[in-house]
Amino acid sequence: MTARQIIIDTDPGQDDAVAILFALACPEALEVLGLTCVAGNVPLAMTTRNARKICELAGRSDLPVFAGCDRPLGRALITAEHVHGRSGLDGPDLPEPTMPLQDRHSVEFLIDTLRTRPSGTVTLVPIGPLTNIATAFQRAPDIIPRVQEIVLMGGAHAAHGNVTPAAEFNIHVDPEAAACVMASGAPITMLPLDVTHKALVTPSRNAAFHALGTPVGAAVGALTGFYERYHPERHGRDGAPLHDPCTIGWLLRPDLFTARRVNVEIETGSELTMGMTVVDWWGVTKRPANATFVHDIRAQDFFDLLTERLSRL
Ligand code: RIB
Ligand code: CA
């Protein structure tokens, strides 16, 4: 079986870091063509720095890392240092990266890669705001039918929003970009808070990372340990949700998840509900389904898979 070719579009962030390490630990199943960075959890200069720190931690200073959009399509950037720390990667003490950033912009790399590789062979894995993806689609609509699948972390239905009562962070930061992607016609799989809030880093799961006894294990333990201090009242003692690695889990073992084909629209008008993913769970609008909406996970099997794969790095 040839490895699936993916581009991870990312705003590292502790959970992005774990997702990238997870993917890099599975070269037999996933060929990571590059990391396209976007502003989100922290400003672009920090997300590109953090992405390279993660590559070097994984021994992959050869992996191309690109800088992308430094702000949303049509509004000011909202960041999340209160969640991820000033660096965006608080927790472990990782050395400054020495590998270079690529000269090309993330959007150029997305367009060039989708145009030059055979149609239907590249999967996009956005785990931050969708600004780069939407910009690429708007600048080069010809690439849209060439996308194999978009597997994105974002949105919420029955789960409450995590940045407003209605909206999840990745969608809220750039709702116009999300609306563009959802309307694109590309095959989309969404991993929203409905599923990621069931992937909690409990103390025993965090201990299993540390028990790997490797620099990657220690770093992942520190990354997820830092993140869990955020909003303990939301998830109690069970620890914090591990959002972005759920996308990689889906790519590797979709059988660990439960999903439903639905129509999803994005609120871009009301400031009250800006960035809400309006999920037509019962099909009442008769709007065509445009997303595979993942809403459940076999969490312990997922963490067992993640921990075993990380042991390879
Ligand atoms: O709402 C969770 C998402 O927002 C994750 O991708 C996290 O990294 C932040 O970007
Ligand atoms: Ca992210």
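Whatever comes next refers back to the structure up there.
Residues numbered from 1 in each chain as written. Chains lettered and ligands numbered in written order. Predicted model: local features only at pLDDT ≥ 70, side-chain atom pairs only at ≥ 80, totals over all residues. Heavy atoms only, no water.

S.K.: Even after reading the chapter, I still don't get the overall build of the protein, so can you show me in this structure?
M.R.: Along its length, the protein carries 13 helices and 9 strands. If you line up the protein on its principal axes, its C-alpha atoms span 50 × 45 × 40 Å. Relative to its 313 residues, the protein shows a buried fraction of 60%. Across the protein, contacts joining residues at least 24 apart in sequence account for 83% of those joining residues at least 6 apart. Counting only carbon and sulfur atoms, one obtains 54% of the accessible surface of the protein, whose full area is about 11,900 Å². Across the protein, the 26 positively charged side chains and the 35 negatively charged ones have centroids separated by 3 Å. (Helix = DSSP H or I, 4+ residues; strand = E, 2+ residues; numbered from the N terminus. Buried < 20%, exposed > 50% of the residue type's maximum accessible area, 1.4 Å probe, protein only. Contact = heavy atoms within 4.5 Å. Areas by Shrake-Rupley, 256 points an atom, 1.4 Å probe, with all protein chains shown as cover. Lys, Arg positive; Asp, Glu negative; His and termini not counted. Charge placed at Lys NZ, Arg CZ, Asp CG, Glu CD.)

S.K.: Whenever I open this one, the coordination of the calcium ion (ligand 2) confuses me. Can you help?
M.R.: Around a metal, the ideal angle is 109.5 degrees if four donors adopt a tetrahedral arrangement and 90 or 180 degrees if six donors adopt an octahedral arrangement. Around the calcium ion (ligand 2), the protein contributes the donor atoms Asp11 (OD), Asp16 (OD), Asp16 (OD), Ile127 (O) and Asp244 (OD), which lie 2.2 to 2.6 Å from the metal centre. For the calcium ion (ligand 2), the single-chain donor residues occur in sequence as D-x4-D-x110-I-x116-D. An identical accessibility class is assigned to aspartate 11 and aspartate 16; each is buried. (Donors = N, O, S within 2.8 Å, 3.2 Å for Na, K, Ca; no water.)

S.K.: What's the story with the pattern of salt bridges in this structure? I'm lost.
M.R.: For side chains of opposite charge, pairing can occur when their charged atoms come near one another. A complete count under the given rule lists 16 salt bridges for this structure. Between aspartate 62 and arginine 60 there is a salt bridge, and its shortest N-O distance comes to 2.8 Å. Residue class for aspartate 62 comes out exposed when judged on its relative accessible area of 53%. Judged by relative accessible area, which is 25%, arginine 60 ranks as partly exposed. Three or more residues are tied together by salt bridges with common partners; here these are Glu28, Glu308, Arg309 and Arg312. (Salt bridge = Lys/Arg side-chain N within 4 Å of Asp/Glu carboxyl O.)

S.K.: In this structure, what is going on with the nonpolar core? I would like to understand it.
M.R.: Ranked by size, the top nonpolar core spans 59 residues in total, and within it Ile8, Leu35, Ile248, Phe257 and Phe302 carry the most contacts. Discounting residues that sit within four places of it in the chain, phenylalanine 257 has contacts with Leu191, Val195, Cys246, Gly249, Trp250, Val294, Asp296, Ile297 and Phe302. (Core = buried A, V, L, I, M, F, W, Y, C linked by side-chain atoms within 4.5 Å.)

S.K.: Just checking my understanding: could you explain the site of ligand 1 for this structure?
M.R.: The environment of ligand 1 is made up of Asp11, Asp15, Asp16, Asn41, Ile127, Met153, Asn162, Glu168, Phe169, Asn170, His243 and Asp244. For ligand 1, an oxygen atom lies 2.8 Å from a polar atom in the side chain of aspartate 16. Between isoleucine 127 and ligand 1, the recorded distance is 2.9 Å, taken from a backbone N or O atom to an oxygen atom. When isolated, ligand 1 has an accessible area of 280 Å², and the protein chains bury 98% of it. Among the residues making up the shell around ligand 1, the classes are represented as 3 nonpolar, 4 polar and 5 charged. (Near = heavy atom within 4 Å. Polar contact = N/O pair within 3.5 Å; in protein donor to acceptor, adjacent residues only side chain to side chain. Nonpolar A, V, L, I, M, F, W, Y, C, P; charged D, E, K, R; others polar.)

S.K.: Would you mind going over the packing of helix H9 (residues 203-210) against helix H13 (residues 299-310) with me for this structure?
M.R.: To describe two helices that pack against each other, one gives the angle between their axes and the distance between the axes. Orientation of H9 relative to H13, taken along the N-to-C sense of each, is 15°, at an axis distance of 10 Å. Classified by the angle between their axes, H9 and H13 sit roughly parallel to one another. Viewed along their axes, H9 and H13 form a crossing whose handedness is right-handed. In this structure, H9 uses Arg205, Ala208 and Phe209 to contact H13, whose residues at the interface are Ala299, Gln300, Phe303, Leu306, Thr307 and Leu310. Within the contact of H9 with H13, the residues separate by chemical class into 6 nonpolar, 2 polar and 1 charged. (Axes fitted to C-alpha atoms, helices over the stretch in contact; angles between N-to-C directions. Parallel < 35°, antiparallel > 145°, perpendicular 65-115°, else oblique. Left-handed = near helix turned anticlockwise from the far one by under 90°.)

S.K.: Mind showing me how you'd approach the packing of aromatic side chains here?
M.R.: The description of an aromatic ring pair uses the distance of the two centres, along with the angle that the planes make with each other. Within the structure shown, the criterion is met by 6 aromatic pairs. Measuring from centroid to centroid gives 4.1 Å for phenylalanine 66 and phenylalanine 109, while their planes differ by 20°, and the two rings are stacked. One end of the pair, phenylalanine 66, is in strand S3 (residues 65-67); the other, phenylalanine 109, is in helix H4 (residues 106-116), with 43 residues separating them in the sequence. A single burial state applies to phenylalanine 66 and to phenylalanine 109, both of which are buried. With 6.0 Å between their ring centres and 65° between their planes, tryptophan 250 and phenylalanine 257 make a pair best called edge-to-face. Note on accessibility: tryptophan 250 and phenylalanine 257 belong to one class, buried. Here a set of aromatic residues connected by ring pairs shows up, and it is made of Phe22, Trp250, Phe257, Phe302 and Phe303. (Phe/Tyr/Trp six-rings, centres within 6.5 Å; stacked < 30°, edge-to-face > 60°.)

S.K.: Quick question: what am I supposed to make of the pairing of strand S7 (residues 257-266) here?
M.R.: In the case of a regular strand, side chains alternate between the two sheet surfaces. Pairing of S7 with strand S9 (residues 291-297), which is carried by 6 bridges, proceeds in the antiparallel orientation. Bridge assignment links valine 262 to a residue of S9, and that residue is alanine 291. Taken together, the 4 bridges between S7 and strand S8 (residues 277-280) define a ladder with antiparallel strand orientation. Pairing of glutamate 265 across the sheet is with valine 278, part of S8. (Pairing = 2+ DSSP bridges.)

S.K.: Is there a simple way to explain unusual backbone geometry in this structure?
M.R.: With the exception of glycine, most residues fall at negative phi, and the peptide bonds are largely trans. Residue lysine 286 is not a glycine yet carries a positive backbone phi of 60°. Along the chain, lysine 286 turns up in the loop between S8 and S9.

S.K.: Looking at this structure, how should I read the environment of alanine 211?
M.R.: With respect to the element layout, alanine 211 can be found in the loop between H9 and helix H10 (215-227). Note on alanine 211: relative accessible area 65%, which makes it exposed. In this structure, the C-alpha to C-alpha distance between alanine 211 and proline 175, residues 36 residues apart in sequence, is 40 Å.

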